[in-house]
Amino acid sequence: MFLERIVINGGKSLRGEVEISGAKNAAVAIIPATILVEGICRIENIPNIKDVDLIVEILYKMGAIVRNIDKTTLEIDCSKMRFAAAPSDLCRKMRASYYLVGALLGRFSQAQVDMPGGCDFGVRPIDQHVKGFEALGANIIIEHGIIYAKANELKANNVYLDQVSVGATINVMLAAVRAKGHTIIENPAKEPHIVDVANFLNSMGADVKGAGTDLIKIDGVERLHGGTYTIIPDQIEAGTYMVAAAATKGEVLIKNVIPKHLESISAKLMEIGADVIEFDDSILVKCSGEFNKVNVKTLPYPGFPTDMHPQIAALLSVANGTSIINESIWDNRFRYVDELKRLGANIQVDGKIAVIEGSHLSGATVKACDLRAGAAMVIAGLIAKGTTIIEDIDHIERGYEDITNKLKSLGADICLSYKPTKLVKEKIV
Ligand code: EPU
């Protein structure tokens, strides 16, 4: 009935402290991974975001017992779960629903899950997931948008991933932790959330070694037991606040982070002209001068994350001179460019390259085309002169906990506003 929008009056420097929530991309993998566990999993530092609500609802509908202990702690018990097809409508709304395939295969030797949804960056294939499941002995059929997986018994194997893939690496780990024998994943992704999922599985009794390196070795165990696990802080949420602090020429202490996970972002911000000071579990970003032009190439971890590309583009749109962003992970992550242009950015896109000529931004109405594009609109709105209105903010709420209040506490002039839809207007008339 009402469309939620974010309204920002730009031009205020961010100052103060902000607490980073648990990592989205770890949480949305660890929650389905509880299917593999016959016992109670207590998971702490869960971010309060819509993608988490969705994956929890999927598990609940599939027979998991879920208890909210407090705002950031969940207990999930899948011990009495029986095999069931995953709920189609919900699976199609998010990317991480593909982890249900690995988890269900690992527990029940079968899975039926709709092809995942999530942000639209052009083609998002799952051939490497399929290759991994087949190597472990599963038969995979994809028909009418549904993935059917079945194995008599999963057996360990060597899996070489042709493409570094976060999703395929985690999915193969999930399928392999209870498969008989010794599985090796070669050319895996090394993102912090890969290590977090492996640590979660190990704390429940699995035997996964080498996560975060070039080779992951898994010795299958018969069953996983319950336990308590705390999710790592969100690398991309932290990076987004780091960029916002620099972009507004502010000074922000970003708390509850793992500075090592942020090195590529810190290095780029220093090149742009910001000061970045690392502490044990926090990072201070301050900036007062002009922004230097820089070139950015997105790469798998430990390279500069693709999920920080739109946010850094927002900052570079007001830097001195011409910056270049080379997007090497996704075919089409540039849908945010047309929206930034509405605010006055001067950006040309050619294939996977964006050429950004520094200019001035001023407020307008823009859309959040996807999650990180939405974060870029927020940063651009904070920089822009005048009022920026961001629509379609559902995307932002999928992955950022309480972004308006966190930014408000740093001094931003930002609020949620509600616009009646046409239907409500007609009723009012
Ligand atoms: N790819 C293949 N075949 C596959 C899988 C991937 O060719 O079977 C290709 C993709 O087309 C892409 C590259 O490999 O070119 C990397 O894709 P990856 O599988 O790593 O991406 P993903 O698992 O679908 C996760 C994050 C994304 C993030 C990417 C890259 C989750 C739920 N999503 O997606 O996060 O962009 O890794 O780091 O973990 C976000 O949080 O905003 C987001 C989009």
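Residues numbered from 1 in each chain as written. Predicted model: local features only at pLDDT ≥ 70, side-chain atom pairs only at ≥ 80, totals over all residues. Heavy atoms only, no water.

**What to know about the domain arrangement of the chain**
- What the domain assignment reports for the chain is domain 1 (2–21 + 233–424) and domain 2 (24–230).
- Across the domain 1 to domain 2 interface the summed buried area is about 1900 Å²; carbon plus sulfur atoms make up 53%.
- Our count for the domain 1 to domain 2 interface comes out at four salt bridges.
- Here Asp394 makes a salt bridge to Lys50, at a shortest N to O gap of 3.7 Å.
- For the interface between domain 1 and domain 2, the tally reads six residue pairs in polar contact (both at pLDDT 80 or more). (Domains from an automatic or database assignment. Buried area = accessible area lost by both parts, 1.4 Å probe. Salt bridge = Lys/Arg side-chain N within 4 Å of Asp/Glu carboxyl O. Polar contact = N/O pair within 3.5 Å; in protein donor to acceptor, adjacent residues only side chain to side chain.)

**What to know about the sheet that holds strand S1 (residues 2–9)**
- Taken in spatial order, the four strands of this open sheet run S21-S22-S1-S23, and their pairing is mixed. The open sheet is flanked by strand S21 (365–367) and strand S23 (413–420), the only strands paired with a single partner. Averaged over all neighbouring strand pairs, the angle between strand axes comes to 30 degrees, with direction disregarded.
- Direction of pairing for S21 relative to strand S22 (residues 387–391): parallel, over a ladder of three bridges. Counterpart to Lys367 in the pairing with S22 is Glu391.
- Taken strand by strand, helix H12 (residues 371–383) contacts S1, S21, S22 and S23, and its axis lies near 40 degrees from that of S1. (Pairing = 2+ DSSP bridges. Helix = DSSP H or I, 4+ residues; strand = E, 2+ residues; numbered from the N terminus. Axes fitted to C-alpha atoms, helices over the stretch in contact; angles between N-to-C directions. Contact = heavy atoms within 4.5 Å.)

**Considering the packing of aromatic side chains**
- Under the definition given, this model contains four aromatic pairs.
- Stacked on the ring of Phe291, the Lys or Arg Lys249 has its end atom at 4.7 Å from the ring centre. (Phe/Tyr/Trp six-rings, centres within 6.5 Å; stacked < 30°, edge-to-face > 60°. Lys NZ or Arg CZ within 6 Å of the ring centre and 35° of its normal.)

**Thoughts on unusual backbone geometry**
- Cis geometry is found at the peptide bond from Tyr301 to Pro302, where omega equals 15 degrees.
- Along the chain, Pro302 falls in the loop between strand S17 (295–297) and helix H10 (309–316).
- The phi torsion at Lys249 lies on the positive side, around 55 degrees, for a residue other than glycine.
- As for its position among the elements, Lys249 is in the loop between helix H8 (235–247) and strand S14 (251–255).

**Let's talk about the side chain of Asn171**
- One can find Asn171 in helix H6 (residues 166–176).
- With relative accessibility at 1%, the residue Asn171 sits in the buried group.
- The residues touching Asn171, leaving out its near neighbours within four places in the chain, are Tyr98, Tyr99, Val101, Gly102, His129 and Phe133. (Buried < 20%, exposed > 50% of the residue type's maximum accessible area, 1.4 Å probe, protein only.)

**Focus on the site of the ligand**
- Taken together, 23 residues lie around the ligand, and Tyr98, Ser165, Val166, Asp307 and Ile329 are the ones closest in.
- One of the side-chain nitrogen or oxygen atoms of Arg124 is found 3.1 Å away from an oxygen atom of the ligand.
- At 3.4 Å from an oxygen atom of the ligand is found a main-chain nitrogen or oxygen belonging to Pro125.
- Taking 830 Å² as the accessible area of the ligand by itself, protein coverage stands at 91%.
- It is helix H5 (residues 127–135) that contributes the most residues to the shell around the ligand, three residues altogether.
- The residue makeup of the shell around the ligand, split by class, is nine nonpolar, seven polar and seven charged. (Near = heavy atom within 4 Å. Areas by Shrake-Rupley, 256 points an atom, 1.4 Å probe, with all protein chains shown as cover. Nonpolar A, V, L, I, M, F, W, Y, C, P; charged D, E, K, R; others polar.)

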